[in-house]
Amino acid sequence: MSKILFTFLIKIFLFLVLFIQCSGGSDDNDLKGYLQEESIIPDYDNDPIYSKANARNLTSFWDIFVESASLYGKDLSNITDIEFVSEADLAGGTAARALGSCHDYVKIQVDETVFRNLTLGEQLFLMYHEFGHDVFNASHDGGGLMAPNVRSVEYTLFQREVEDFFTGVDYIEWTDEECDIIRELLKTETQ
Ligand SMILES: [Zn+2]
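Residues numbered from 1 in each chain as written. Predicted model: local features only at pLDDT ≥ 70, side-chain atom pairs only at ≥ 80, totals over all residues.

Student: So what's going on with the confidence of the model for the protein? Residues and values would help.
Tutor: Of all residues in the protein, 84% attain a pLDDT of 70 or more, and the chain-wide mean is 86. Of all secondary-structure elements in the protein, the lowest mean pLDDT belongs to helix H1 (residues 2–39), at 64, while helix H2 (residues 59–70) reaches the highest, 98. (pLDDT = per-residue confidence, 0-100. Helix = DSSP H or I, 4+ residues; strand = E, 2+ residues; numbered from the N terminus.)

This is how it looks when you write it as structure tokens:
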């Protein structure tokens, strides 16, 4: 009789041990899932739009800009006159320049060697900046995306600057007078 009771107790003990281990195991899995979820930090590389960028296909940056603008209700699909001009040794080691400011076309001059050596964030910042000049005639005065210096831009900050730009928070257009001067400068430079 005591032997049967002993066996019974052993069984209960084993059952409890197994039960505790199993529930402990599923807690671990929950925790792992949670940690994995947390480890995916949004960045340029895993962003659904920015990750389409290809430095060897500059048009991909235009497509990204158009898609990005559409998120804020800006439809740029009617702009079809877009040109990238490859130019080595731009003044001051610049990677890109906007030649379509105050004109109804987009024309970006790019030193492709310098451009390819930038990080993806820098490439995006630079292209958004130049498109900002050509598409919206935005001046440097607005700051944010239109601040004049190319710099390494942290992803979250860049997202905020893009939003501020497309929602008109921080962009200021060239004045008509400034546009006259710019058109003259571009005329003499590209002759
Ligand atoms: Zn600029």
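Next comes the rest of the write-up.
Student: A description of helix H4 (residues 120–136) should follow, citing residues and the corresponding values.
Tutor: Here H4 is 17 residues long and its end C-alpha atoms lie 23 Å apart, about the 24 Å a rise of 1.5 Å per residue gives. Among the 17 residues that make up H4, 14 are buried, leaving the element largely enclosed by the rest of the structure. Looking one or two places after H4, you find Asn137, whose phi comes out positive at around 50°. (Expected span 1.5 Å × (residues − 1). Buried ≥ 20, exposed ≤ 12 C-beta atoms within 10 Å, placed from the backbone.)

Student: Can you tell me about the sheet that holds strand E1 (residues 82–86), naming the residues and giving the values?
Tutor: Picture the strands of a sheet paired through backbone hydrogen bonds; they go either parallel or antiparallel. One open sheet holds the three strands; their spatial order is E1-E3-E2, and the pairing between them is mixed. The open sheet is flanked by E1 and strand E2 (96–98), the only strands paired with a single partner. Neighbouring strand axes in the sheet, compared pairwise and without regard to direction, differ in orientation by 20° on average. Judged from the five bridges that link them, E1 and strand E3 (residues 106–110) form a sheet pairing that is parallel. Following the sheet pairing, Phe84 is matched in E3 by Ile108. Here H4 sits on the sheet in contact with E2 and E3, set at roughly 15° to E2. (Pairing = 2+ DSSP bridges. Axes fitted to C-alpha atoms, helices over the stretch in contact; angles between N-to-C directions. Contact = placed C-beta atoms within 7 Å.)

Student: Could you give an account of the nonpolar core, with specific residues and numbers?
Tutor: If you look at the biggest cluster of nonpolar residues, it comprises 32 residues, and the most contacted ones within it are Phe65, Ala96, Met127 and Tyr128. Contributions of two or more residues to this core are made by H2, E2, E3, H4 and helix H5 (155–166). For Met127, the residues in contact, after removing those within four places along its chain, are Phe61, Phe65 and Ala96. (Core = buried A, V, L, I, M, F, W, Y, C linked by C-beta atoms within 7 Å.)

Student: Account for the pairing of E3, naming residues and giving values.
Tutor: Among the five residues that make up E3, four are buried, leaving the element largely enclosed by the rest of the structure. Bridge analysis of E2 against E3 gives three bridges, and the strand direction is antiparallel. Following the sheet pairing, Arg97 is matched in E3 by Gln109.

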